[in-house]
Amino acid sequence: MLSNREGQRVPEVTFRTREGNEWRDVTTTDLFQGKTVVVFALPGAFTPTCSSTHLPRYNELAPVFKSNGVDDILCLSVNDAFVMDAWAGDQAAENIRFIPDGNAEFTEKMGMLVGKKELGFGSRSWRYSMLVKDGVIDKMFIEPDQPGDPFEVSDADTMLGYINGEAALPKRVTVFSKPGCPHCARAKNALREAGYSFEEIELGSRGLSYSTLAAVTGAGTTPQVYIEGERIGGADELEQWLAAAVS
């Protein structure tokens, strides 16, 4: 039976984390005392749903959370510090603090430890999220207790909706670029100056080529900018779009 601990204090635990090449013990008090904190817990680093959806959306919405009174966003998993650090680097999730619950002590005390032996995972965390205010759990969103790995309620949008259902969401922006491209640099600078965060997909990385660019965008030059799924075009077209958006 998964445990809803709303109204209770988070368990007292010391996490073994890494900073650079050094070990650093971080306590529950360090993480939660005097703060408003969002936590999302998941079955494992590098796993598909965690990497493709759960973590990226929290990272994307982090500025909105912060503007609505959230001090920190923590990603917690029953993995060791080395794995969590490697995952953090792979995801480039600069707005999230990764917490390794390597011994599953916090997860077990939360009543969220489940068996994943059929996957070769051993014991892992059930997927959930919670809002913690000064160490007290204000709200929990626990995925339904059903087979597999449900992902219905612990997402970033559901949590943000609880905190502020009227919060304005940032536009989703993607930039296809290539190294050394001056027009790409101009487009990215224009987006930053206008206050837009963006995902950058760089040609030459992970096998992306001009053929891929042409297949996806219908164009063979960089940059190619998309905003909310709409193709804006290159740097000149982007500047025109931004000017129109302001007027």
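Residues numbered from 1 in each chain as written. Predicted model: local features only at pLDDT ≥ 70, side-chain atom pairs only at ≥ 80, totals over all residues. Heavy atoms only, no water.

Caption draft 1: Expanded view of the overall build of the chain. A count of helical and extended segments in the chain gives eight helices and 13 strands. Judged by the C-alpha coordinates and their principal axes, the chain covers about 55 × 40 × 40 Å. Residues classed as buried in the chain amount to 44% of the 247 residues present. By sequence separation, contacts in the chain at least 24 residues apart represent 62% of the contacts at least 6 residues apart. When the accessible surface of the chain is summed, it comes to about 12300 Å², and 48% of that surface belongs to carbon and sulfur atoms. Averaged over its 24 positive side-chain charges, the chain has a centre that lies 2 Å from the centre of its 35 negative ones. (Helix = DSSP H or I, 4+ residues; strand = E, 2+ residues; numbered from the N terminus. Buried < 20%, exposed > 50% of the residue type's maximum accessible area, 1.4 Å probe, protein only. Contact = heavy atoms within 4.5 Å. Areas by Shrake-Rupley, 256 points an atom, 1.4 Å probe, with all protein chains shown as cover. Lys, Arg positive; Asp, Glu negative; His and termini not counted. Charge placed at Lys NZ, Arg CZ, Asp CG, Glu CD.)

Caption draft 2: Main features of the sheet that holds strand β11 (residues 199–202). Sheet architecture is open: four strands sit in the order β11-β10-β12-β13, paired in mixed fashion. Looking along the sheet, the strands with just one partner apiece sit at the ends: β11 and β13 (230–233). Averaged over all pairs of adjacent strands, the angle between strand axes in this sheet comes to 25°, irrespective of strand direction. Relative to the sheet, helix α6 (residues 182–193) contacts β10 (173–177), β11 and β12 (224–227), its axis offset from that of β10 by approximately 165°. Against the sheet, helix α8 (residues 235–246) touches β12 and β13, its axis set at about 110° to β13. (Pairing = 2+ DSSP bridges. Axes fitted to C-alpha atoms, helices over the stretch in contact; angles between N-to-C directions.)

Caption draft 3: Looking closely at the UniProt feature "active site" (unreviewed entry) in the chain. UniProt tags C50 as "active site" (unreviewed entry). Classification of C50 as buried rests on a relative accessible area of 0%. Sequence-distant contacts of C50, that is, excluding residues within four places in its chain, are made with L42, P43, G44, L55, P56, W87 and R127. (UniProt positions renumbered as here; feature names shortened; annotations may be inferred.)

Caption draft 4: Molecular detail of helix α5 (residues 156–163). All of the buried residues in α5 are A156, M159 and L160. When α5 is viewed along its axis, its buried side chains cluster within an angular range of 100° and face the same direction. On its buried face, α5 sits against β3 (36–42), α2 (48–67), β8 (128–133) and β9 (136–142). In this structure D155 caps α5, since a side-chain oxygen of it lies 3.3 Å from the backbone nitrogen of D157. (Arc of directions from axis to C-beta. Polar contact = N/O pair within 3.5 Å; in protein donor to acceptor, adjacent residues only side chain to side chain.)

Caption draft 5: Seen up close, the pattern of salt bridges. Enumeration according to the criterion identifies 12 salt bridges in this entry. Between D72 and K35 there is a salt bridge whose closest N-O contact spans 3.5 Å. Of the two residues, D72 sits in strand β4 (residues 72–77) while K35 sits in the loop between α1 (28–32) and β3, which places them 37 residues apart along the sequence. Across the pair D149 and R127 runs a salt bridge whose closest N-O atoms are separated by 2.5 Å. Linking D149 in the loop between β9 and α5 with R127 in the loop between β7 (123–125) and β8, this pair joins segments that are 22 residues apart in sequence. R127 gets classed as buried once you look at its relative accessible area, which sits at 1%. (Salt bridge = Lys/Arg side-chain N within 4 Å of Asp/Glu carboxyl O.)

Caption draft 6: Examining the pairing of strand β1 (residues 14–19) more closely. Examined bridge by bridge, β1 and strand β2 (residues 22–27) share six bridges and lie antiparallel to one another. In the sheet register, T14 faces β2, and the bridge partner there is T27. Joining the antiparallel neighbours β1 and β2 is a turn of two residues, in which G20 adopts a positive phi near 65°.

Caption draft 7: Up close: the sheet that holds β8. Strand order in the open sheet formed by five strands is β5-β4-β3-β8-β9, with mixed pairing between adjacent strands. Each edge of the sheet is formed by a strand with only one pairing partner; in this case those strands are β5 (97–100) and β9. This sheet shows a mean twist of 25° between the axes of neighbouring strands, independent of strand direction. Judged from the four bridges that link them, β4 and β5 form a sheet pairing that is parallel. Note on β5: the bridge partner recorded for C75 is F98. Helix α3 (residues 81–91) contacts β3, β4 and β5 of the sheet and is inclined by roughly 160° relative to β5.

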